[in-house]
Every structure is written in C-alpha cells, then in structure tokens.
Amino acid sequence: MSATTIKSYWTTGIVILAVGFLYATVLSRLVGHWWTDENYSHGLLVPFVIAYILWLRMSPMSGLPHRPAIWQGCILVITALFMLLAGTLGAELFLQRVSLVLMAAGIAAYFFGITVVRSLAVPFLISLLAIPIPQIIFNKIAFPLQIYASRIAVSGIRVFGVPTVRKGNVIEILPAGSVQVIALEVVEACSGIRSLMTLMALAVILVFFTRSRDFVKPAKMTAFIYNRDVWRGALLIVSAIPIAVLTNAARVTATGVFTYNYGIRATTGFSHELSGWLVYVAALLLLLGLNSLLRRVFKTKQDAEADSNAFAESKTGGFRPVAFWILISVLLAGGFFINWFENRGEVAVQRTALQELPSTLGKWKQKGDHIKFSPETESVLKTTDYTMREYVSDGRLANLYIGYYASQRTGATYHRPQNCLPGSGWEMQKPEIVTIKTASGESFEANRFIIENGKYKEVMIYWYQGRGRTQASEYTDKVYTVLDSVSRRRSDGAMVRVMTSVGHSEKEATAAAVDLSASVSEVLPDFVPE
C-alpha cells in the first residue's frame, strides 16, 4: 500500500469522524425515524444502496478532473452549518437532515470540485428522498391523496354493488346481514403516501441502473437538459404519484368488498397485512413496466465518445494540507458550538396548569368536567399540558381545546386541526382569516373553517400562541420559534381551538366562536406565558 493511499484513508477517516461528531444527534434521530415510521422504512436500506453506487462509481470517477472548488465548497459548508443551527434551535428536523446532504456536497466540492459533485447527483437525490419531509408539508400531500384514494375506492366498491357512504376520508359500509356500520378510514398507509416515498426512491435507483450514459461533459453545465435519462427519471418520479394512489385505492376497494361480505375480519389480521405487501409488489411491477416503456420511447445510441472525452480530461489538484485542516477545524468548531446550543437548556417559565383555567370566560360558563383523550391520542399529541372542555352561553354549546408544549426542540409540536379532523371524517371548508378583538382593546388574527361530518356542521377557529406572540400562520410561528430559541432560549407555545355548531346561521356561530376566543385570549397569558 502506497503512502498516497494511506494518506487518502486517514484523511477520509478524519473527515468522516468530524462530520459524525457534528451530526451525531441528527443521525441517531434519523435512524430512529426510519425504524419507527413505515412511511420511510426504506431509509434503512439507503446507506447500503449509496455505498454500493459509490463503489461502482469509484473507477469512472477516478477519471474525472479533480479541481477543488474551495470557495464554492466553503459556501455550501457554511450554509449547511447555519441550516443545522436553525433546525436545531427551531426543532425543525427536516432542516437539520437536509443540511447533512448539503454538507456532504460541500465537502465533495471543497476537495474534488463541482464536476465530482455533479457525478454524485444520484446518491444525493436518493439521500434527500429518504429524509422525512416536515409534518406541515406531509399532511398537505397526504390529505389530498387520502381524499383521491377514498373517491376512487368508493367508485370501485359501488361497481361491485356494495352500498357505501363516504365522509371525508372515511368510508362507511354496512356488511350484508349486519345492523352495525363499519367505518374504513383511508389513512396515510392506504392513501398511497407510504408507498409513494419508497417508489420515488426506487424510480431514481431504477433509472441509475438502466441508464444509457454515465456522465456528461464537465464543460457543459446545462448538458443534463439534453440527457434523456434525466427526463425518463423525472417522468418515473412523477408517475409514482398516480401509481401509489391507484394501487392503494384498489386495496381499499378490495377491503370494502370483503368487509361487506365478511365483516370486520376483512380489515384486520393477516389478510389485511398481506394486501399491503401485494400493493407494494403491484406498484413496483407497474414502475418496472413503465420504465421499460420509457426506455423504448427515449431509446438512443450511447455516445461513447462523449463519455470518454468526459473521462479523458487530465486531473489536477491534489491533497492540500492547509485547506484540509481549515475544513476540519470548521467542522469541529461547528460541532462544539451547535452541541452547546442544543444542550444548554431552555429558560424555565412560571405558568399555571391548564386544569386551573377559569370555569367562567366572559359570558361563557363551563359545562361538565375536563375531557380526557385516550392514551393513544395523548401519545400522538405529546403535549406537556392540555385541556379540553365545553362552555355554554345563551343556550349555545362550544368546545375549547388548548394544547401547550413547554419545548418544541425535541420535535414535539402543535398538531393542526387539518392533521387530525379529516381522519375522523370531517371535511374542512371555507377557510378564512378572522380578526379577534379582546375587551382590553387588543386584536389578533386566527384561522376560521366550516367543518362538516354527515349531519354535523360546525364553525372552528384556531391560532397559535406563546412567548407573547399570537399567530394564525404556523409557518410564521415556526420562524419566530427559531428566533426566540436563539434570543430568548424559549420555544414554548400552545395551539388554541374553539368549535361550535353552525345551527341556523354561520354568521351567528362565527360571532359566538369569536367571542369565546376573545375571552380565552384574555386569561391565556397565565397558562401560556408571555
């Protein structure tokens, strides 16, 4: 083994250790997420797939010109560090994990140049597809897919002569000879979102192993536009959406038909689990078939000369000790700094428990006791403290929920009504922003929806409150959470939700919900500190 090879090994090892120190917490949480979240269980295989691809690319990449792009690499590395810091302080796991991929790209550019980074586009893209997307975005994708899958499934079930009713993403079926309706909830697993993320990753891997060309000429930055494999990959990734929805809708259709004939047994046990695996197999076969078809459509002769020209350019550059140790110093300093920020703790704030919330809020009087969620629901909400109770005024009944989080750094954060209510059959309509004015003369904006579930129709108002801020937008609230975490060492806050029946007038119901919201906000600072 030559001295150059030995130096290459130990320098690579030092870089890996420095990055591991910087991202130790991020990596451990990411692996834990892969292990527990079936939507991203394919992530457990991604490191091995990437390692195999890198091993295959070692020989072709050795022919690429190595021109260290130190300034471009520095920009990427510094940007990744700021993303990691912002994600750590704001409890935004997605930002932390994406920063890891950006850091890897920055280090590759720093030592080897942009050409090598471009040649590693597939491993970087596969890495991104294995990162769980933010819950805010996930729910915006999952819910429409749930609705589409529900609609397609209902149409399919009715083809078989089975009477059914759809309420949001809940399908109600009365089994033959039964008097009790069975509700089938089209959750993320049945909407296609679970297989969608896996299919997208598989589409990229499939295109890589069936590509017609390896690399484009380094001199042509826009050459990928003319690369037919790129367009084939894009079409495969996009096609994963209808494939996932249609295959899962077929699963729900089959479950609905079997439920009608065999009752609740069709929705549980081995047969239900088997149908889930069959969906994966069917989706994979469709993806393979589509890829084969697209290869015929985009069929072209391999431009061997272009590839050889790309590899034939002379390599320049080499090991630069000063640049190497500067990068290692930056990574280690960033690791110490970010770990110190993460572990320094948050400021303890004095507050009153929500169970002490007054039984009288303005003209509203509490009815009954505090309502408790099931242990399963509480484990999903992960609140530090919460209260849900009913209030009455002038014969009108309203429901109030307040969920408080002492810290959002660990990932426990608000659950928007859009995340939870559709799963119970509620359809959310007529969204708008309303202004709520309190008796003290202050005002703030909140979200208002009309929600409907069968014969039930209600007005819902909700907002986010904490650290002296009141926000309707969860995106704005997330930004302020990051800023307050840095400047005030606090990320505590609450989501407040008020619901009341529409009755005969949406206008009157909205006015009543606004009135209770105003009364709640007046006393809330004692329970959600400013």
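These figures come from a predicted structure and were not determined experimentally. (Residues numbered from 1 in each chain as written. Predicted model: local features only at pLDDT ≥ 70, side-chain atom pairs only at ≥ 80, totals over all residues. Heavy atoms only, no water.)

Trainee: Just checking my understanding: could you explain the overall build of the chain for this structure?
Mentor: A tally of helices and strands in the chain yields 18 helices and 12 strands. Residues classed as buried in the chain amount to 48% of the 530 residues present. Put simply, 73% of the contacts in the chain that link residues at least 6 apart link residues at least 24 apart. Of the accessible surface of the chain, which amounts to about 26,400 Å², a share of 63% is contributed by carbon and sulfur atoms. (Helix = DSSP H or I, 4+ residues; strand = E, 2+ residues; numbered from the N terminus. Buried < 20%, exposed > 50% of the residue type's maximum accessible area, 1.4 Å probe, protein only. Contact = heavy atoms within 4.5 Å. Areas by Shrake-Rupley, 256 points an atom, 1.4 Å probe, with all protein chains shown as cover.)

Trainee: What should I look at first to understand the side chain of Gln-465 in this one?
Mentor: Mapped onto the elements of the fold, Gln-465 is located in strand S10 (residues 456-466). A polar contact of 2.9 Å, which involves the side chain of Gln-465, links it to the side chain of Trp-463. Setting aside residues no more than four positions away along its own chain, Gln-465 makes contact with Tyr-414, Thr-470, Gly-493, Ala-494, Ser-521, Leu-524 and Val-528. (Polar contact = N/O pair within 3.5 Å; in protein donor to acceptor, adjacent residues only side chain to side chain.)

Trainee: Whenever I open this one, the pattern of salt bridges confuses me. Can you help?
Mentor: Two side chains with opposite charge may pair up if their charged atoms get near one another. Taken as a whole, this structure holds 8 salt bridges when the rule is applied. Between Glu-506 and Lys-430 there is a salt bridge whose closest N-O contact spans 2.9 Å. Of this pair, Glu-506 sits in helix H18 (residues 506-523) while Lys-430 sits in strand S8 (residues 427-437), and the two are 76 residues apart along the sequence. Residue classification places Glu-506 among the partly exposed residues on the basis of a relative accessible area of 22%. A salt bridge links Arg-448 to Glu-432, with the nearest nitrogen and oxygen atoms 3.7 Å apart. Here Glu-432 lies in strand S8 and Arg-448 lies in strand S9 (residues 443-453), a separation of 16 residues in the sequence. Taking the relative accessible area as the measure of exposure, Arg-448 reaches 6% and is therefore buried. Residue classification places Glu-432 among the partly exposed residues on the basis of a relative accessible area of 40%. Among the charged side chains, a salt-bridge network with shared partners connects Lys-430, Lys-457 and Glu-506. (Salt bridge = Lys/Arg side-chain N within 4 Å of Asp/Glu carboxyl O.)

Trainee: Teacher, can you tell me more about the packing of helix H5 (residues 93-112) against helix H7 (residues 121-129) here?
Mentor: The angle between the axes and the distance between the axes are what describe a pair of packed helices. Two elements in contact, H5 and H7, have axes separated by 10 Å at closest approach and are oriented at 170°. When the interaxial angle is binned, H5 and H7 end up roughly antiparallel. On the side of H5, the interface is formed by Val-98, Val-101, Ala-104 and Ala-105, while H7 contributes Phe-124, Ser-127 and Leu-128. When its residues are assigned to classes, the contact of H5 with H7 shows 6 nonpolar, 1 polar and no charged. (Axes fitted to C-alpha atoms, helices over the stretch in contact; angles between N-to-C directions. Parallel < 35°, antiparallel > 145°, perpendicular 65-115°, else oblique. Nonpolar A, V, L, I, M, F, W, Y, C, P; charged D, E, K, R; others polar.)

Trainee: What's the story with the nonpolar core in this structure? I'm lost.
Mentor: For soluble globular proteins, nonpolar side chains are generally found buried alongside one another. Membership of the largest hydrophobic core comes to 31 residues, with the highest contact counts inside it found for Leu-400, Ile-402, Ile-436, Ile-461 and Val-520. Where this core is concerned, the elements lending two or more residues are strand S7 (396-405), S8, S9, S10, strand S12 (493-501) and H18. Among the elements that take part in this core, H18 stands out by supplying 7 residues, more than any other. Dropping the residues within four chain positions of it, Leu-400 is found in contact with Leu-357, Leu-361, Thr-387, Met-388, Arg-389, Tyr-391, Val-496, Arg-497, Val-498 and Val-520. Ranked by size, the runner-up nonpolar core spans 30 residues in total, among them Val-46, Ile-126, Ala-201 and Phe-208. (Core = buried A, V, L, I, M, F, W, Y, C linked by side-chain atoms within 4.5 Å.)

Trainee: Teacher, can you tell me more about the pairing of S7 here?
Mentor: If a strand is regular, its side chains alternate between the two faces of the sheet. The buried count for S7 comes to 9 of 10 residues, which makes it a mostly enclosed element. Looking at chain direction, strand S6 (residues 385-393) and S7 are connected through 9 bridges and run antiparallel. From the neighbouring strand, Thr-387 faces S7, where its bridge partner is Ile-402. With antiparallel pairing between neighbouring strands as the criterion, S6 and S7 make up a hairpin whose turn holds 2 residues, including Asp-394 at a positive phi of roughly 55°. (Pairing = 2+ DSSP bridges.)

Trainee: It is not clear to me how the confidence of the model for the chain should be interpreted in this structure. Could you clarify?
Mentor: In low-pLDDT segments, the atomic positions of the prediction should not be examined closely. Considering every residue of the chain, the mean pLDDT works out to 76; 73% of them sit at 70 or more. Low pLDDT, under 50, characterises residues 215-219; the predicted model gives this stretch 20 contacts beyond four residues in sequence or across chains. Predicted confidence for residues 302-319 stays below pLDDT 50, and this span has 39 contacts to residues more than four positions away or in other chains. (pLDDT = per-residue confidence, 0-100.)

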